[in-house]
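Letter by letter, the chains look like this.
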Amino acid sequence: YALALDYASGGAINNNSSGKIETVTGSFNNNYAKSTGTGVSGDDTTYARGGAVFNAGHIEKITGNFSTNKAESAGIEASGGAIYQVYASESSLGIDEVSGTFTSNGAKNTNASGTARGGAIYNDVNMAMTIKNSTFSSNYASNSNTSVDNVQGGAIYNAGNLIFKGVNTFYSNSITFVNTSYGNDIHNTGTITISANGTLSLDSGLSGENGVINMGS
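Heads up: these notes are all about the structure in this document. Note that this is a predicted model, so its numbers are computed, not measured. (Residues numbered from 1 in each chain as written. Predicted model: local features only at pLDDT ≥ 70, side-chain atom pairs only at ≥ 80, totals over all residues. Heavy atoms only, no water.)

Looking only at helices and strands, the protein chain features zero helices and 29 strands. For 217 residues, the compact-globule formula gives about 17 Å, and the C-alpha radius of gyration of the protein chain, at 15 Å, lands near that figure. Across its three principal directions, the C-alpha atoms of the protein chain cover 50 × 40 × 30 Å. For the protein chain, buried positions account for 53% of its 217 residues. Put simply, of all contacts in the protein chain between residues at least 6 apart along the chain, 74% involve residues at least 24 apart. Working note: accessible area of the protein chain is about 8,900 Å², and carbon and sulfur atoms make up 46% of it. (Helix = DSSP H or I, 4+ residues; strand = E, 2+ residues; numbered from the N terminus. Rg over C-alpha atoms; globule rule 2.2 N^0.38 Å. Buried < 20%, exposed > 50% of the residue type's maximum accessible area, 1.4 Å probe, protein only. Contact = heavy atoms within 4.5 Å. Areas by Shrake-Rupley, 256 points an atom, 1.4 Å probe, with all protein chains shown as cover.)

Next comes the structure, spelled out in structure tokens:
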């Protein structure tokens, strides 16, 4: 786990900008990144990112089962309950491919001004990621003290370029705000591409403004 007053990231793996990993394989259960600071008095560094994996470098492939991992904050942001891919200016950085099952992972924030985004995966601006043959179920983004604008992406929050290949299934994912839960699978403000031979089955739907969806390319 990663526990900090201000910036907590990568409960199991924290790959910095110079790190290069070929393959990550295994089961990731009950990892968490938890920030306990409240983000008051001008402190804007109270982030919790990537309950299991935080990546700022390059990972070629992640294959595994992610269950009950959590990014939790009492401050500005809680994002990527299982995986957080941060923005990088170099095109060689990022996570190339993700494949696995994501169950009951969460991004949780208790600060009324804070955000909770991407219960399982948060993919940042400018970053390309391929998701292949994966299942997302019962993941959540939650902040009962705030509005819907601050709680987005029950399973995935995408601000970059997300590509789906193979068979990908989403069900029972949710967002919670003002003590009420709603079904939500993906919040997209970037670009989603579903490959020609790929399928994307959403049980609880997709949200987001100015997002782009490309089919069969």
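Having seen the structure, we can now continue with the description.
Residues Ala33 and Ser35 of strand S5 (residues 32-35) are buried on one face, while the alternating residues Tyr32 and Lys34, pointing to the opposite face, are not. When strand S1 (residues 2-4) meets S5, the two strands line up parallel, connected through three bridges. For Ala2, the partnering residue across the bridge sits in S5 and is Ala33. (Pairing = 2+ DSSP bridges.)

Right, let's talk about the sheet that holds strand S3 (residues 13-15) for a bit. Judged by pairing direction, the sheet is parallel, and its seven strands sit side by side in the order S3-S7-S11-S15-S20-S25-S28 without closing on themselves. A single partner strand is all that each edge strand has here, and the edge strands are S3 and strand S28 (206-207). Direction of pairing for S3 relative to strand S7 (residues 53-55): parallel, over a ladder of three bridges. Bridging across to S7, Ile13 finds its partner in Val53.

Looking now at the side chain of Asn139. Tracing the sequence through the fold places Asn139 in the loop between strand S17 (135-137) and strand S18 (140-143). Excluding residues within four positions of it along the chain, Asn139 makes contact with Phe102, Thr103, Ser104, Asn105, Gly119, Ala120, Gly154, Ala155, Ser172, Asn173 and Ser174.

For Ser104, which is not glycine, the phi dihedral falls at a positive 60°. Residue placement: Ser104 occurs in the loop between strand S12 (94-103) and strand S13 (106-109). Residue Ser104 is classed as partly exposed on the basis of its relative accessible area of 27%. For Asn126, which is not glycine, the phi torsion reads 80° and is therefore positive.

Once that is clear, we can look at the pattern of salt bridges. For the coordinates displayed, the defined rule picks out three salt bridges. Notably, a salt bridge pairs Glu72 with Lys70, separated by 3.9 Å at the nearest N-O pair. Judged by relative accessible area, which is 18%, Glu72 ranks as buried. (Salt bridge = Lys/Arg side-chain N within 4 Å of Asp/Glu carboxyl O.)

Moving on, we come to the nonpolar core. Among the nonpolar cores identified, the biggest contains 26 residues, and Ile83, Ile121 and Ile156 are the most heavily contacted of them. At the level of elements, strand S4 (20-29), strand S8 (58-67), S12, strand S16 (128-132), strand S21 (161-165) and strand S26 (191-194) are the ones that each hand at least two residues to this core. Judged by nonpolar contacts, the second largest core, of seven residues, contains Phe54, Ala56, Val86 and Tyr157. (Core = buried A, V, L, I, M, F, W, Y, C linked by side-chain atoms within 4.5 Å.)

What follows deals with the sheet that holds S13. Strand order in the open sheet made by the seven strands is S1-S5-S9-S13-S18-S23-S24, with mixed pairing throughout. Across the chains shown, the open sheet's two edge strands, defined by having one partner strand only, are S1 and strand S24 (180-183). Adjacent strand axes in the sheet meet at a mean angle of 10°, parallel and antiparallel pairs treated alike. (Axes fitted to C-alpha atoms, helices over the stretch in contact; angles between N-to-C directions.)

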